[in-house]
Amino acid sequence: MSDQVTKVGRLAIIAGSGRLPVHVAEAARGAGLHPFIFPLEGEADQDWSGFDHVRLHIADLSGFAGRLKREALDAVVLSGGVRRRPALLDFRPTARSLKAMPAVVKALLSSGDDALLRIAIRLIEEEGVRVVGAHQVVPGLLATLGPIGSRTADRNALSDIARASQAALALGRLDIGQGAVAIHGRVVALEGPEGTDAMLERVAGMRADGLMTTRQGGVLVKLCKPEQDLRADLPSIGPQTVVTAKRAGLAGIALEAGRSLILEREATIAEADRLGLFVLGIESPGSGA
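Cut-offs and rules
Residues numbered from 1 in each chain as written. Predicted model: local features only at pLDDT ≥ 70, side-chain atom pairs only at ≥ 80, totals over all residues. Heavy atoms only, no water. Axes fitted to C-alpha atoms, helices over the stretch in contact; angles between N-to-C directions. Helix = DSSP H or I, 4+ residues; strand = E, 2+ residues; numbered from the N terminus. Parallel < 35°, antiparallel > 145°, perpendicular 65-115°, else oblique. Left-handed = near helix turned anticlockwise from the far one by under 90°. Contact = heavy atoms within 4.5 Å. Expected span 1.5 Å × (residues − 1). Buried < 20%, exposed > 50% of the residue type's maximum accessible area, 1.4 Å probe, protein only. Arc of directions from axis to C-beta. pLDDT = per-residue confidence, 0-100. Core = buried A, V, L, I, M, F, W, Y, C linked by side-chain atoms within 4.5 Å.

1. Focus on the packing of helix H8 (residues 196-208) against helix H9 (residues 239-247)
Then, number 1: At a minimum axis separation of 8 Å, H8 and H9 run at an interaxial angle of 15 degrees. The angle between H8 and H9 places the two elements in the roughly parallel class. In this structure, the crossing between H8 and H9 has a hand that is left-handed. Listed contacts from H9 to Thr196, Asp197, Leu200, Glu201 and Ala204 of H8 are Gln240, Thr241, Thr244, Ala245 and Arg247.

2. A closer look at H8
Then, number 1: If you check H8, its first and last C-alpha atoms are 19 Å apart, about what 13 residues at 1.5 Å a residue would give, namely 18 Å.
Then, number 2: All of the buried residues along H8 are Thr196, Met199, Leu200, Val203, Ala204, Met206 and Arg207. Down the axis of H8, the smallest arc covering the buried residues is 160 degrees, so these residues share one side.
Then, number 3: Check the buried side of H8 and you find it contacts strand S7 (179-183), strand S8 (186-190), strand S9 (219-222) and H9.

3. Some details on the confidence of the model for the protein chain
Then, number 1: Overall, the predicted model of the protein chain reaches an average pLDDT of 88, with 94% of residues at or above 70.
Then, number 2: Segment residues 1-6: pLDDT under 50, and 14 contacts once partners within four positions in sequence are set aside and those in other chains are kept.

4. So, the nonpolar core
Then, number 1: Of all hydrophobic cores here, the largest spans 26 residues; its most connected members are Val181, Ile183, Val188, Val203, Leu220 and Leu250.
Then, number 2: Mapped by element, the contributors of at least two residues to this core are S7, S8, H8, H9, strand S11 (252-256) and helix H10 (265-275).
Then, number 3: For this core, the element with the most residues is H8, which contributes 5 residues.
Then, number 4: Not counting the four nearest positions on each side in its chain, Leu250 is found in contact with Val181, Ile183, Leu200, Arg207, Gly217, Gly218, Val219, Leu220, Ala245 and Leu277.

If you want it as structure tokens, here you go:
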């Protein structure tokens, strides 16, 4: 557990979709942080009945700030998926956040997800609390360098990893997505707002339709965006990612060591071993830049 987290009095978790918010909440509870959960309306899909919680509209800054004060919350984790951007008319700003609204408007209309997350972090911290990363609460979720599981990448897979890594890095510079798929030396798919699983399903569909080789092989690579704030939206995989990668005919998955998350780690590795896929922690090709 990071010292930065253990020093806070009480932790708030803004919970989007998926299991990551649950992992963070359970780890925080285990560390005695008594977390308070804000499940996002229209996004959160887990059962929060075992935790103190109140549902929150993503644009209700006023309600959020009031609850922060009422519950004596000191730090906030942004955790889980968010598919929909809020409409401008939905915003309920506080007096403090009003001055940031021009930047919010600009980000909503013309910026990528990472730029929007930086604005969200700024709005939260202007209410007097710190934003910390999920990996600071659950460091055991971070991918490690090298093979993770019993399978290893062969020479062809390593070549595909290099090709997909360059594509993912370029995609990240444009603040579009974090993932790319390369098959037999050719980049065939880039991640957009639909997310990783939908991208992999698209690859599976292209194979089935004869739009690319049906010969098994290829890799999924997920990297942080070069300018990404590491306190939110780290690349992540879980058991379902492995299943969908197998459906797409891939040989394995590579993700950035130390800056990406493996959710339900034991189940993810077991599924990869069962299906014959490798999972590999790699350094970003832009890490030395």
